[in-house]
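Observations on the three-dimensional arrangement
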Amino acid sequence: MANILDFKQYLMQNIFADKSAEKLRFADSDSCWKEISLKDIGTFYRGHSYNSTNVADEGLLVLRSNNIQGNVLDFSEDGLQFVDKDCKKELELQKNDIVICMSNGTRRLVGKSAEYTGNYENKVTVGAFCSIFRTENKLAKYLFQTESYKKNLYLILAGTNINNLKNSDLEKFKFNIPTNESEINKIHDLFVSIDNKIDYNKKQLEEITLFKKGLLQQMFVVQLILSLLQNKKHI
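We now turn to the structure provided with this report. (Residues numbered from 1 in each chain as written. Predicted model: local features only at pLDDT ≥ 70, side-chain atom pairs only at ≥ 80, totals over all residues. Heavy atoms only, no water.)

1. Let's talk about the overall build of the protein chain
Helix and strand content of the protein chain: six helices and twelve strands. For a compact globule of 235 residues, the expected C-alpha radius of gyration is about 18 Å, and the protein chain comes in at 23 Å, more than 25% above that figure. Along the longest, intermediate and shortest principal axes, the C-alpha atoms of the protein chain span 85 × 50 × 40 Å. Here the protein chain holds 235 residues, and 39% of them are scored as buried. Taking the intrachain contacts of the protein chain between residues at least 6 apart in sequence as the baseline, contacts between residues at least 24 apart amount to 77%. Approximately 14,500 Å² of the protein chain is accessible, and the part contributed by carbon and sulfur atoms is 51%. The average position of the 32 basic charges and that of the 30 acidic charges among the side chains of the protein chain differ by 5 Å. (Helix = DSSP H or I, 4+ residues; strand = E, 2+ residues; numbered from the N terminus. Rg over C-alpha atoms; globule rule 2.2 N^0.38 Å. Buried < 20%, exposed > 50% of the residue type's maximum accessible area, 1.4 Å probe, protein only. Contact = heavy atoms within 4.5 Å. Areas by Shrake-Rupley, 256 points an atom, 1.4 Å probe, with all protein chains shown as cover. Lys, Arg positive; Asp, Glu negative; His and termini not counted. Charge placed at Lys NZ, Arg CZ, Asp CG, Glu CD.)

Written out as structure tokens, the structure reads:
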């Protein structure tokens, strides 16, 4: 697992490198890249505001920073929050929207992100401590995982005691991206295949962990029975 994650990070650094650095290229010819800001390729929306009286057992699902886990949105039931207050139409998550943690008591969690894949059947939004980035650019979600993105976050947060980002902060973040459609698709498909492999390995690891836990429980029960039988012999 670690090797795959390291390989992905290596590709991130060498594909989306600064203009002055040598980069990996995937076009057969005419590899043309340009510098863009996030504002050039999408729109940010700050999340839905509500208060404790709006929290309910059912209603509108509001995703929060705890639902962003390893660049994936976690829909585990114990981490979900529902409210009885509706949100603006623009704040309803759409497939391929990117959810970003904008404020958190723990600084290292500010800026973490995950793509919404449209896998929730009902209406869903994000809380006020998060933002939505809406774009049609296939590579956008990977820009939020680059070293350049992390460096920009550090520069903004290092100068304040408040762990809070504004949409206007992120809009200014600059990246180099390809303009050749063929190259865009090749890079996108490469990262999708790597993410699929990472997801597969995570599931395998979870299954092995559960299997190991089951074996340990069985071993404990067997040991307990043997101990009881041994004690019975001495009665």
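There is more to say after this.
2. Describing the packing of aromatic side chains
For the coordinates displayed, the defined rule picks out nine aromatic pairs. The interplanar angle of 35° and the centroid separation of 4.5 Å between the aromatic rings of phenylalanine 44 and phenylalanine 133 together place this pair among those described as tilted. On the criterion of sequence distance, the pair formed by phenylalanine 44 in strand S2 (residues 42-46) and phenylalanine 133 in strand S11 (residues 130-135) is long-range, its members being 89 residues apart. Residues phenylalanine 44 and phenylalanine 133 agree in their burial class; the two are buried. Joined through ring pairs, the aromatic side chains of Phe44, Phe133, Phe144, Tyr149 and Phe173 make up one cluster. (Phe/Tyr/Trp six-rings, centres within 6.5 Å; stacked < 30°, edge-to-face > 60°.)

3. With respect to empty space enclosed by the protein
This model, assessed by the stated rule, comprises one cavity of 30 Å³ or more. Taken together, Asn71, Ile98, Ser113, Ala114, Glu115, Lys141 and Gln145 make up the full set of residues lining the largest cavity. Per element, the largest residue contribution to the lining of the largest cavity is three residues, and it comes from strand S9 (residues 113-115). In terms of residue class, the lining of the largest cavity is built from two nonpolar, three polar and two charged. (1 Å grid on protein atoms, 1.4 Å probe; cavity = no way out; pocket = protein on both sides within 12 Å on 5 of 7 lines; lining within 4 Å. Points joined across faces, edges and corners; volume = space filled by probe spheres on them. Nonpolar A, V, L, I, M, F, W, Y, C, P; charged D, E, K, R; others polar.)

4. Considering the sheet that holds strand S4 (residues 60-63)
With respect to topology, four strands assemble into an open sheet ordered S3-S7-S4-S10, the strand pairing being mixed. Where the open sheet ends on each side, the last strands, each with one partner, are strand S3 (55-56) and strand S10 (124-126). Where S3 meets strand S7 (residues 81-83), two bridges bridge the pair, whose relative direction is antiparallel. The residue bridging valine 55 from the neighbouring strand is valine 83, located in S7. (Pairing = 2+ DSSP bridges.)

5. Quick notes on the nonpolar core
Within the largest apolar cluster, 33 residues are counted, with the highest numbers of intra-cluster contacts made by Phe16, Leu38, Ile100, Phe133, Leu170 and Phe191. Of all elements in the fold, only helix H1 (2-15), strand S1 (33-37), helix H2 (38-41), strand S8 (98-101), helix H3 (140-143), helix H4 (147-157), strand S12 (174-178) and helix H6 (181-233) reach the threshold of two or more residues within this core. Among the elements that make up this core, the one with the highest residue count is H6 (five residues). Counting residues in each nonpolar core, the second largest holds 22 residues, with Tyr45, Leu80, Val99 and Cys101 among its members. (Core = buried A, V, L, I, M, F, W, Y, C linked by side-chain atoms within 4.5 Å.)

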